[in-house]
Amino acid sequence: MSQVRVRFAPSPTGFFHIGSARTALFNWLYARHTGGVFVLRIEDTDAARNSEEFLRVIYDSLSWLGLNWDEGPKVGACGGGELGPYRQSERGAIYKDYVGRLLSAGRAYEKDGAVWFRLLGDRHEVFDEHKKKTVTKVKTAPVVINDLIRGRVERAEDEDFVIVRSDGSPVFHLVNVVDDIAMNITHVIRGEDHLSNTSKHVALYEGFGVTPPAFAHIPLILKQNGPGKMSKRDQGALIEEYQRRGFRPEALVNFLCLLGWNPGDDREKMPIADIIRLFDLPGVNQSNARFDEKKLAHMNMSYLLELPAEKFVAAAREFFQRQAVPTVVPAALAADAAYFREVILLCQPKIKGIEELPAYTANFFAEDFSIDAKAREKVMAKGDPSARLRELAGALATADFSSDLALEETIKVMAAARGLGFGDYQPVARLALSGTNVGPPITGMMRVLGRERVLARLGRFVV
RNA sequence: GUCCCCAUCGUCUAGCCCGGUCAGGACACCACCCUUUCACGGUGAGAACCGGGGUUCGAAUCCCCGUGGGGACGCCA
């Protein structure tokens with residue numbers, strides 16, 4: 001068989017939905033797995049709802065996820081191709097030509113100013129409960145779809161349908177099929193919500209005298225709470241949201257792959273190259289999957305943890321730069337780059353997401369941090385914190401601040417001399433230094449803050 | 001209302017096609033360990049074959065019915 005050609009055909013509505021992302025991803029994976037071509041086609045027939053800005057959302061989201069397209073609108077290194085234009089708003093003449101063929105073959109007719117596709121079979125009038133009106137039903141031979149994921153599906157289309165509106169604009173079913181024919185699409189991989197439409201599409205293929213492509217209907221993503229499929233209004237539905245929150249795209253991609261597909265063994269976290277190698281349509285599940293943000297968050301953390309230092313620092317800086325104006329951010333960005341780097345790397349192993357960073361690191365960039373009342377109460381309730389603080393300040397006055405280990409040693413020696421341990425100093429030191437009882441290792445904090453600031457904070461802290 | 005798809009722990013899933021395993025893993029939850037706080041990590045516990053009929057020596061696995069969930073029935077895409 002010739003080269004696989006798949007397509008992703010989003011509509012620029014201003015949102016890039018997580019379900020769309022997975023459809024794009026599965027198409028892309030199949031293209032990469034088979035050495036085929038991934039086509040991006042923009043379904044922007046609804047002129048009123050489209051804009052260049054909305055197109056950007058699509059391009060940005062796909063690029064961020066790493067789903068590069070071989071043919072389609074030219075954006076950066078992506079796009080191009082001989083079978084364009086790849087925006088439906090620019091393909092009017094092609095649709096007109098295809099509709100003309102149907103008209104002259106008697107497979108389409110005009111009624112009420114619109115063009116209708118004519119089904120083949122006996123006709124009779126019947127009252128439709130759902131539409132609350134009398135319609136003309138057509139007794140057609142059932143269409144058989146050999147779905148690559150679902151197997152044999154049979155469905156009979158039973159009413160003629162509009163393919164060109166009375167205002168002259170072509171309808172989705174028509175343009176979809178025409179473009180798939182014109183762009184030599186071999187495999188249509190799309191959401192299960194289109195399974196019922198497929199009988200219409202197959203009828204159109206037959207009308208054009210073209211063998212339909214292979215179909216693969218992937219399961220839907222259901223909202224995590226409540227009934228129904230995920231919609232753009234649901235929590236966690238938008239790709240831009242994850243991008244904005246500093247998620248790792250590779251984590252989101254990995255997570256999305258696992259919604260309805262698996263490598264056949266227990267592996268979950270895996271490099272994209274492995275996924276490409278293992279991915280195949282028959283391995284895709286048939287049942288819908290419920291979205292689980294906790295599992296995604298865990299996957300993201302896992303990727304964050306292993307991110308190389310410079311990439312992590314860059315991701316953090318980028319995230320800080322995009323923040324609206326929380327008080328700590330300007331200070332953090334104004335800070336010395338080397339210092340910023342030290343702070344961020346100190347916190348990398350401790351956080352679950354990039355978005356925690358501003359709050360988590362706030363006390364590194366400002367001296368006027370507040371003291372957490374609960375933490376204070378806890379610390380003050382045990383031992384003699386005020387004495388510990390004085391002793392600590394004394395020891396640190398001459399300590400070596402160049403390494404965590406040296407600091408730890410200094411504190412341990414000083415503690416041992418008094419029959420105490422590191423743990424007797426850690427809580428109060430943390431409270432005085434950061435105002436909380438959580439954070440990165442205390443010696444690391446001291447090293448990064450430096451002697452001067454550490455002593456100042458210890459001295460300033462009132463017991 | 002009509003049509004289509006689906007059905008294993010709370011969630012994502014392996015196992016199903018080619019019937020025989022203590023029904024496995026991950027997230028979440030709980031306990032313990034590690035520990036310098038908080039995390040990470042480690043160990044362990046609890047947790048599922050939707051129901052009913054068949055077929056069979058034997059059914060999560062094959063068949064039928066029911067129930068439940070999802071989707072489609074636009075001059076939206």
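Residues numbered from 1 in each chain as written. Chains lettered and ligands numbered in written order. Predicted model: local features only at pLDDT ≥ 70, side-chain atom pairs only at ≥ 80, totals over all residues. Heavy atoms only, no water.

Some points on the domain arrangement of chain A
Okay, so step 1: For chain A, the assigned domains are domain 1 (5-69 + 221-290), domain 2 (91-218), domain 3 (307-363) and domain 4 (373-461).
Okay, so step 2: Taking only C-alpha atoms, the centre of domain 1 and the centre of domain 2 are 26 Å apart.
Okay, so step 3: The partner domain 2 presents 20 residues to the 18 residues of domain 1 that form the contact.
Okay, so step 4: At the boundary of domain 1 with domain 2, total buried surface from both sides reaches about 1,800 Å², with 53% on carbon and sulfur atoms.
Okay, so step 5: Broken down residue by residue, the surface that domain 1 buries against domain 2 is led by R5, R7 and R41, which jointly contribute 34%.
Okay, so step 6: Taken together, the connections running from domain 1 to domain 2 amount to four salt bridges.
Okay, so step 7: A salt bridge links D179 to R41, with the shortest nitrogen-to-oxygen separation between them at 3.6 Å.
Okay, so step 8: Taken together, domain 1 and domain 2 are joined by twelve residue pairs in polar contact (both at pLDDT 80 or more). (Domains from an automatic or database assignment. Contact = heavy atoms within 4.5 Å. Buried area = accessible area lost by both parts, 1.4 Å probe. Salt bridge = Lys/Arg side-chain N within 4 Å of Asp/Glu carboxyl O. Polar contact = N/O pair within 3.5 Å; in protein donor to acceptor, adjacent residues only side chain to side chain.)

Let's talk about the environment of P12
Okay, so step 1: Locating P12 in the fold gives a position in the loop between β1 (5-8) and α1 (18-34).
Okay, so step 2: Given the relative accessible area of 2%, P12 is considered buried.
Okay, so step 3: Considered as a pair, P12 and I42 are 30 residues apart in the sequence and their alpha carbons are 7.2 Å apart. (Helix = DSSP H or I, 4+ residues; strand = E, 2+ residues; numbered from the N terminus. Buried < 20%, exposed > 50% of the residue type's maximum accessible area, 1.4 Å probe, protein only.)

Some details on the packing of aromatic side chains
Okay, so step 1: This structure, assessed with the given rule, holds eleven aromatic pairs.
Okay, so step 2: Taking 5.2 Å as the distance between ring centres and 80 degrees as the angle between the ring planes, the aromatic pair formed by Y98 and F208 counts as edge-to-face. Of the two residues, Y98 sits in helix α3 (residues 92-104) while F208 sits in helix α5 (residues 198-208), which places them 110 residues apart along the sequence. The pair formed by Y98 and F208 is uniform in burial state, with each residue classed as buried. (Phe/Tyr/Trp six-rings, centres within 6.5 Å; stacked < 30°, edge-to-face > 60°.)

A few points about the packing of helix α4 (residues 172-182) against α5
Two quantities define a packed helix pair, namely the angle between the axes and the distance from one axis to the other.
Okay, so step 1: Remark: α4 packs on α5, axes separated minimally by 10 Å, with the N-to-C direction vectors making an angle of 55 degrees. With respect to α5, the element α4 is oriented oblique. As α4 runs across α5, the sense of the crossing is right-handed. The segment α4 lies against α5, with F172, H173, L174, N176, V177, V178, D180 and I181 engaging K200, H201, L204, Y205 and F208. (Axes fitted to C-alpha atoms, helices over the stretch in contact; angles between N-to-C directions. Parallel < 35°, antiparallel > 145°, perpendicular 65-115°, else oblique. Left-handed = near helix turned anticlockwise from the far one by under 90°.)

Observations concerning the environment of L238
Okay, so step 1: Its place among the elements puts L238 in the loop between β14 (221-222) and α6 (239-244).
Okay, so step 2: Note on L238: relative accessible area 16%, which makes it buried.
Okay, so step 3: Residues L238 and D179 lie 59 residues apart in sequence; the distance between their C-alpha atoms is 27 Å.
Okay, so step 4: L238 has contacts with F15, F16 and K232, leaving out every residue within four places of it along the chain.

Considering the protein's contact with RNA strand B
Okay, so step 1: Around RNA strand B there are 60 residues in total, and K131, R150, R165, K350 and N437 lie nearest to it.
Okay, so step 2: Across the atoms of RNA strand B situated within 4 Å of the protein, the share located in sugar and phosphate is 65%.
Okay, so step 3: Separating a base oxygen of RNA strand B from a side-chain N or O atom of S166 is a distance of 2.8 Å.
Okay, so step 4: Interatomic distance of 2.9 Å between a side-chain N/O atom of Q286 and a phosphate oxygen of RNA strand B.
Okay, so step 5: If you list the elements that add at least two residues to the surface near RNA strand B, you get β10 (151-155), α4, β15 (289-290), α9 (293-305), α17 (426-434) and α18 (442-449).
Okay, so step 6: No other element matches the five residues that α9 contributes to the surface near RNA strand B. (Near = heavy atom within 4 Å.)

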